[in-house]
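Structural overview
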Amino acid sequence: MRLLAELNRRNVIRMAGLYLVGAWLALQVAETLLPIFDTPGWVLKALVVLLALGFFAALIFSWIYELTPDGLKRERDLPAGDVRLEGTTRKLDLAIIVLLIAVAALTLWQPTLTHDSRHAAAAGSQAAAPAVISQVQSETPSAAGRDRPAVVEKSIAVLPFVNMSADADNEYFADGISEEILNALTKVRDLKVAGRTSSFQFKGRNEDLSEIGAALGVAHVLEGSVRKQGDRVRITAQLIHASDGFHLWSDTYDGELSDIFELQERIARAITGKLEVILQGDQQQRLVPVATDSPEAYALYLQATGIFNRREGASFAAGIEMLQQALRMDPNFARAHTRLGALHALAPQYAAADLNRSIAASIEHANAAIALDPRLAEAYGVLAQSQGASRQYLAARESYERALALDPDDVLSNFWMGSSLITTGYRQRGDEYLDRALAFDPLLPIALMWRGSRHAFVGELVEAERLLRRADSFGLSNVGIGLSYLAEQRGNPQQAIDELARGMERFFTAFPPDAARIAAEGSLGDGSQRVAALRMIDDYLAADPEVVAGAVPYALIRLGQPQRAFEVMARAPTDADAVMLFLLWSPMGTEARRLPEFSAFVRKIGLTRVWDGFGPPELCRKHADGEYSCE
């Protein structure tokens with residue numbers, strides 16, 4: 001007790017408190033500002049060491065010296081009971097209070113400061129992007145509450161890293177690094193990771209971190225920056241608690257492009273360690289696999305991935321060439337084969353590529369990737385997409401199941417499985433997979449569109465509108481198909497026509513510019529409009545196109561000619577079979593399903609092989625002769 005009293009009398013305790021608060025404040029400011037100036041990571045570490053050593057020096061100094069009105073004096077030289085020292089004590093108490101106020105102010109200000117500084121370089125480039133958070137807040141309180149997924153503590157969103165390189169064209173590299181870290185974290189069991197599409201909706205936008213966390217259902221946010229100069233790369237990353245903006249960890253990683261997978265591995269390990277995730281099995285060895293030994297091939301892969309993610313149809317040919325070049329550099333680059341297969345799979349839809357050649361190329365590269373790495377779930381998903389496009393529905397179902405067995409949390413595999421189930425008649429199971437995809441990636445526009453339309457088809461109009469409007473806010477044009485049905489149900493015929501015309505436009509690219517509106521008016525308008533729409537389709541089919549537009553059988557069902565729709569679609573795969581098949585299992589397809597020709601149609605296109613293998617879907621039953629009938 002005497003020692004404690006002596007420490008108190010000599011203001012050692014006050015000095016300790018003052019030093020600790022001041023040191024913490026200095027570190028918080030340094031942690032926020034140093035990365036902005038690309039300061040090496042060792043600078044912050046050195047500052048921590050110096051402040052720690054300085055703590056003991058400050059205690060020794062305060063024991064020996066006393067601050068008096070006459071300046072510093074050795075404590076042993078002061079007269080006993082000097083009342084003037086009480087003023088010094090009050091000044092120290094005041095200094096501690098001031099620093100505590102500064103700490104509180106910094107705690108409130110720091111999230112905004114950090115987020116603004118990280119995204120200043122990208123601000124403005126996304127000015128036309130939809131305001132995600134504003135759109136959430138504009139909904140009714142009950143809808144907004146339902147829209148926000150539950151937040152679990154071990155969860156994270158990886159926001160797109162800011163490109164700090166002198167060359168703005170290196171933005172693909174920053175995006176790629178963010179996505180690679182995100183993909184590594186999704187492999188960690190017991191860690192919820194927001195999907196790429198949802199996280200990247202906030203690219204270049206100055207949104208409040210607490211709102212981002214609430215919208216994505218995550219407790220933590222990772223953000224950072226990437227600077228690439230020649231063969232050198234610097235990655236700065238920081239982990240933030242979303243609800244209060246508290247910085248849990250930050251660091252800077254420098255290395256060569258040849259070390260890029262090691263840098264990503266170190267970042268992923270640091271995050272999982274900070275979140276106290278227990279790594280199991282193979283994860284104890286590695287989170288980020290070394291995809292290729294060629295930095296040049298990896299850079300080409302990232303560029304092509306950017307084209308794929310943005311669905312830039314006009315650049316698909318360039319992306320395909322990049323991946324072919326990457327594979328010439330490294331023929332064993334399995335993920336390049338997978339991405340090349342994915343681009344080929346989407347090329348007919350987004351780049352007007354030849355359907356049959358694209359499907360063949362996609363299957364070839366997916367199989368090549370699987371041969372190189374049988375654990376690559378994405379390769380099975382790409383294979384399933386191409387098998388489905390060529391109406392190998394049973395094989396596609398098996399490939400999707402293989403993909404999900406390897407990676408149950410993969411967003412695209414869950415979405416693709418859900419949409420495939422719905423188009424083959426398994427609507428309720430398909431809804432479950434769509435819900436699972438949205439649980440991981442709550443802002444995935446295409447999944448919002450499919451799930452919102454399914455809500456509309458079963459009469460859940462409020463929930464349908466909520467999801468469809470959300471998809472629409474991201475610029476997904478074909479969401480108009482679902483919104484059209486919603487307007488029909490609510491007795492708004494002109495709005496239904498306008499929405500259907502907008503939603504069908506991308507599927508009528510082989511027609512004159514006003515074809516989608518003509519088809520929409522014929523589907524929902526009067527007799528003369530119906531005649532005009534049928535004449536347009538007759539003219540198109542008279543030219544005997546090699547691959548029929550998927551919009552044609554869809555329009556024929558809407559125009560009251562389902563038998564003809566069956567005939568057109570049974571000849572060969574269209575460029576978008578899912579458009580008509582999605583309609584077929586909706587209330588608008590009821591009449592078509594009840595036709596005598598329906599049984600022969602589903603057998604011709606291969607649906608019955610799936611039903612024989614997995615059982616009939618909920619609207620259908622199998623007869624003793626092996627034929628199916630559906631309600």
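To keep things clear, this report deals only with the structure shown in the data block. Keep in mind that what you see is a predicted model, and the values were worked out from it rather than measured.

1. Digging into the packing of aromatic side chains
For the structure shown, the criterion picks out 16 aromatic pairs. With centroids separated by 5.0 Å and ring planes inclined at 70 degrees, the aromatic side chains of Phe508 and Phe511 adopt a geometry described as edge-to-face. Residue classification places Phe511 among the buried positions, given a relative accessible area of 10%. Sitting over the face of the ring of Tyr426, Arg397 holds its NZ or CZ atom 5.1 Å from the ring centroid. Positioned above the aromatic ring of Phe614, the side-chain terminus of Arg397 is 3.8 Å from the ring centre.

2. Describing the nonpolar core
Counting residues in each nonpolar core, the largest one holds 100 residues, and the members touching the most others are Met504, Phe508, Val552, Leu584, Phe601 and Trp611. Beyond its immediate chain neighbours, meaning those up to four positions away, Trp611 contacts Thr424, Tyr426, Trp585, Phe598, Val602, Pro616, Pro617, Cys620, Tyr628 and Cys630. Ranked by size, the runner-up nonpolar core spans 69 residues in total, among them Tyr172, Trp249, Tyr301 and Leu302.

3. Regarding the state of the cysteines
Within this structure, the stated rule accounts for one disulfide. Between the sulfur of Cys620 and that of Cys630 lies a disulfide, 1.9 Å long from S to S. Judged by the torsion about the S-S bond (105 degrees), the Cys620/Cys630 disulfide is right-handed. With Cys620 in strand 9 (residues 620-622) and Cys630 in strand 10 (residues 628-630), the pair connects residues that are 10 residues apart, well separated along the chain. On the basis of relative accessible area, Cys620 is assigned to the buried category, the value being 9%.

4. Points about the layout of surface pockets
Its volume calculated, the second largest pocket comes out at about 370 Å³. Forming the walls of the second largest pocket are 17 residues, and the residues nearest its centre are Pro348, Ala352, Thr509, Ala510 and Asp575. For the lining of the second largest pocket, the element with the highest residue contribution is helix 13 (residues 334-351), accounting for four residues. Per-class residue counts for the lining of the second largest pocket are 13 nonpolar, two polar and two charged.

5. Some details on the side chain of Arg427
Structurally, the position occupied by Arg427 is in helix 18 (residues 427-440). A residue is classified by how much of its surface remains accessible, and Arg427, at 16% relative accessible area, is buried. Separated by 3.4 Å, the side chain of Arg427 and the backbone oxygen of Trp585 make a polar contact.

6. A closer look at the packing of helix 18 against helix 19 (residues 445-457)
Relative to each other, helix 18 and helix 19 sit at 140 degrees, their axes nearing to 10 Å. In terms of orientation, helix 18 and helix 19 fall into the oblique class. Between helix 18 and helix 19 the crossing geometry is left-handed. Where helix 18 approaches helix 19, its residues Arg427, Asp431, Leu434, Asp435 and Leu438 are matched on the opposing element by Ala447, Leu448, Trp450, Arg451 and Arg454. Split into classes, the residues belonging to the contact of helix 18 with helix 19 amount to five nonpolar, no polar and five charged.

7. Things to note about the packing of helix 16 (residues 393-406) against helix 17 (residues 411-423)
Remark: helix 16 packs on helix 17, axes separated minimally by 10 Å, with the N-to-C direction vectors making an angle of 150 degrees. What the angle tells us is that helix 16 and helix 17 run roughly antiparallel. Along this stretch, helix 16 crosses helix 17, giving a crossing that reads as left-handed. Where helix 16 approaches helix 17, its residues Arg397, Tyr400, Glu401, Ala403 and Leu404 are matched on the opposing element by Ser413, Asn414, Trp416, Met417, Ser420 and Leu421. When grouped by side-chain class, the residues that make up the contact of helix 16 with helix 17 number six nonpolar, three polar and two charged.

8. Some details on the environment of Cys630
Given a relative accessible area of 8%, Cys630 falls into the buried group. Taking the C-alpha atoms as reference, Cys630 lies 5.8 Å from Arg593; in sequence the two are 37 residues apart.

9. With respect to the side chain of Gln264
Position of Gln264 relative to the elements: it lies in helix 10 (residues 260-274). Contact partners of Gln264, with chain neighbours within four places excluded, come to Ile177, Glu180, Ile181, Val288 and Tyr298.

10. Regarding the pairing of strand 7 (residues 232-241)
Counted residue by residue, strand 7 has nine buried out of 10 residues, so it is predominantly covered. Strand direction decides the pairing type here: strand 6 (residues 218-229) and strand 7, joined by 10 bridges, are antiparallel. Each residue of the ladder has a partner; that of Leu222, found in strand 7, is Leu239. From the end of strand 6 to the start of strand 7, which pair antiparallel, there are two residues, and Gly230 there has a positive phi angle of about 65 degrees. In terms of strand pairing, strand 7 meets strand 8 (residues 247-256) through nine bridges, oriented antiparallel. Each bridged residue has a counterpart across the sheet, and for Arg232 the counterpart in strand 8 is Glu256. Taking the residues between adjacent antiparallel strands as the criterion, strand 7 and strand 8 are bridged by five residues, where Gly245 takes a positive phi near 75 degrees.

11. Observations concerning the environment of Asp441
Checked against the element boundaries, Asp441 lands in the loop between helix 18 and helix 19. Of the residues examined, Asp441 reaches a relative accessible area of 2% and is grouped as buried. Taking the C-alpha atoms as reference points, Asp441 and Leu216, 225 residues apart in sequence, are found 7.6 Å from one another. Setting aside its immediate chain neighbours within four residues, Asp441 contacts Gly195, Arg196, Thr197, Ser198 and Val411. Looking at Asp441, its side chain comes within polar contact range of the side chain of Ser198, at 2.3 Å.

12. Quick look at the environment of Ile359
Mapped onto the elements of the fold, Ile359 is located in helix 14 (residues 355-372). Between the C-alpha atoms of Ile359 and Ser386, which are 27 residues apart in sequence, the distance is 5.5 Å.

Quick notes on the rules
Along each chain, residue indices are assigned from 1 in the same order as the chain's sequence is written. With the structure being a predicted model, the display of local features is reserved for residues of pLDDT at least 70 and the display and counting of side-chain atom pairs for 80 or more, all residues being used for whole-chain, interface and lining totals. Just so you know, side-chain values use all the structure's heavy atoms and leave hydrogens and water out. Note on aromatic pairs: the rings of Phe, Tyr and Trp (six-membered ring only in Trp) are paired at centre separations within 6.5 Å, and the planes decide the class, stacked below 30 degrees, edge-to-face beyond 60, tilted for the rest. Relative accessibility decides the category of a residue: with a 1.4 Å probe and only protein chains considered, values under 20% of the type maximum give buried, values over 50% give exposed, and everything between is partly exposed. For a ring to carry a charge above it, either NZ of a lysine or CZ of an arginine must fall within 6 Å of the ring centroid while also lying within 35 degrees of the normal to the ring plane. For the purposes of this section, nonpolar cores are sets of buried Ala, Val, Leu, Ile, Met, Phe, Trp, Tyr and Cys residues that join through side-chain atoms within 4.5 Å. In what follows, a contact means two residues having at least one pair of non-hydrogen atoms within 4.5 Å. The disulfide definition used here is simple: a pair of cysteine sulfur atoms within 2.5 Å. Note on conventions: DSSP H or I runs of at least 4 residues are helices, E runs of at least 2 residues are strands, and numbering of each starts at the N terminus. Both site types are read off a 1 Å grid over the protein atoms alone. A 1.4 Å probe that fits but cannot get out defines a cavity, while an open set with protein on both sides within 12 Å along at least five of seven lines defines a pocket; lining residues have an atom within 4 Å of a point. Grid points are joined across faces, edges and corners, and a volume is the space filled by probe spheres set on the points. Residues are grouped as follows: Ala, Val, Leu, Ile, Met, Phe, Trp, Tyr, Cys and Pro are nonpolar; Asp, Glu, Lys and Arg are charged; all remaining types, including Gly, are polar. Pairs of N or O atoms within 3.5 Å make up the polar contacts considered here, provided that, within protein, one atom can donate a hydrogen while the other can accept it, and that residues adjacent in sequence are counted only when both atoms are side-chain atoms. Fitting a line to C-alpha atoms yields each axis, with helices limited to the stretch in contact; the angle taken between N-to-C directions then spans 0 to 180 degrees. Between 65 and 115 degrees an angle is taken as roughly perpendicular, under 35 as roughly parallel, over 145 as roughly antiparallel, and anywhere else as oblique. Crossings are classed by handedness, with left-handed meaning an anticlockwise turn of the near helix from the far one by less than a right angle and right-handed meaning a clockwise turn. The pairing criterion is simple: DSSP has to find at least two bridges between the two strands.

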